[in-house]
Amino acid sequence: MKKVVISALAKVNIFLNVLARRNDGYHDLESIMQSISLHDTVTLTVLSFGPSVLTLTDGGDLPTDKRNLALAAWLLFKEKFDIRENIAIHIKKRIPVSAGLAGGSSDAAAVLRGARELFGVATDADLFALAAQLGSDVPFCLFGGTALAKGRGEKLLPMPALPKFYFVLVNPGMALATKSVYQLFDKKSWPILSIDNIIEAMRHQDAAGILQFAANGLEAASLEFCPVLAEIKAELNLFGLLPLVCGSGPTVMGLTQDEGAALAAMKCLYFKWPFVELAWAKDYSD
Ligand code: ATP
């Protein structure tokens, strides 16, 4: 039986500036994206009979039909390359859902990569085009690493790897719909951030500069929805970590280069919040 097992890495934004709302309803953004070690595991198996199916472990009430981005990705791939076989997709979810960590996008990207491996078709450009059809974060999730993202997230420029940071991820155990956060964002005016400083700091591998200029323009809107995020931020801060809401939230990450501080924060917060995880930058090359 032909089978592949693929990791689907979570994504965080070290920097996120939300720009104008476009006519298609998306927002233009400029962002520094980073894939991290927290991942779902996606297994694709070619079936000898029956239709394509998706099953989940720890998927809560995620849909298993084509509303699930992973199955949508497979159906798009199958149609584009006229593949007759069907597959079974199994996803072991570890990335919290609707958490600002792009778990669904990463599952979809993993399916595209896995399907290419199984069927030996599709160039990088083919996969990229399919990914862009599936969602704003899917193109980044295809290749991961560290990248500057523009447009609605599909214009990607690889960036030098970050210096070593620990990412302490804390999720208060609630889902936050990205759409709602953007709707609130659109209703008010927020400070505009400049990306130049953090790019300069990254060029010089200046960890202190990166921590100084890391920012999330959506954070204030997420905090209005979920005031408890301010409590998590304050707790991470107590341990000397730089706290930043991930994407539209509600996961908060604490960034530090100090392993001891990361472990101390983990130890203290682990029993208080439903999801606490230590992660580090990771890409698909290792
Ligand atoms: P986004 O910003 O894309 O909403 P997120 O990290 O906040 O990303 P995800 O967990 O990626 O949240 O996705 C949230 C939405 O996508 C939910 O409505 C969920 O039902 C849907 N979804 C579809 N497929 C998946 C999947 N494989 N894993 C997680 N969510 C999925």
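Position numbers for residues count from 1 along each chain, tracking the sequence in the order it is written. With the structure being a predicted model, the display of local features is reserved for residues of pLDDT at least 70 and the display and counting of side-chain atom pairs for 80 or more, all residues being used for whole-chain, interface and lining totals.

Asks: Honestly, the domain arrangement of the protein chain in this entry has me stumped. Any pointers?
Replies: Interfaces are frequently sized by the accessible area removed from exposure as the parts join. You can read the domains of the protein chain as domain 1 (3-158) and domain 2 (166-280). Summarising the inter-unit geometry, the C-alpha centres of domain 1 and domain 2 are found 23 Å apart. Across the contact, 20 residues belong to domain 1 and 29 residues belong to domain 2. The helix and strand labels rest on DSSP assignments: H or I over at least four residues marks a helix, E over at least two residues marks a strand, and numbering proceeds from the N terminus. Listed by contribution, the elements that provide at least two residues to the side of domain 1 that touches domain 2 are strand E1 (3-21) and strand E2 (27-47). The biggest single contributor to the side of domain 1 that touches domain 2 is E1, with 8 residues. The domain boundaries here were taken from an automatic or database domain assignment. Contact between residues is assigned whenever the C-beta positions, reconstructed from backbone atoms, fall within 7 Å.

Asks: Got a minute to help me understand the site of the ligand in this structure?
Replies: Leu-69, Gly-103, Gly-104, Asp-107 and Thr-178 are the nearest of the 18 residues found near the ligand. For the shell around the ligand, the secondary-structure elements that each account for two or more residues are helix H1 (69-80) and helix H2 (103-119). By residue number, the principal contributor to the shell around the ligand is H2, which donates 4 residues. Classes in brief: Ala, Val, Leu, Ile, Met, Phe, Trp, Tyr, Cys and Pro nonpolar; Asp, Glu, Lys and Arg charged; the others, Gly included, polar. Of the residues that constitute the shell around the ligand, the class distribution is 7 nonpolar, 9 polar and 2 charged. Of the residues that make up the shell around the ligand, three or more belong to each of domain 1 (3-158) and domain 2 (166-280). We call a residue near a molecule or strand if the C-beta atom, set from the backbone, is within 6 Å of it.

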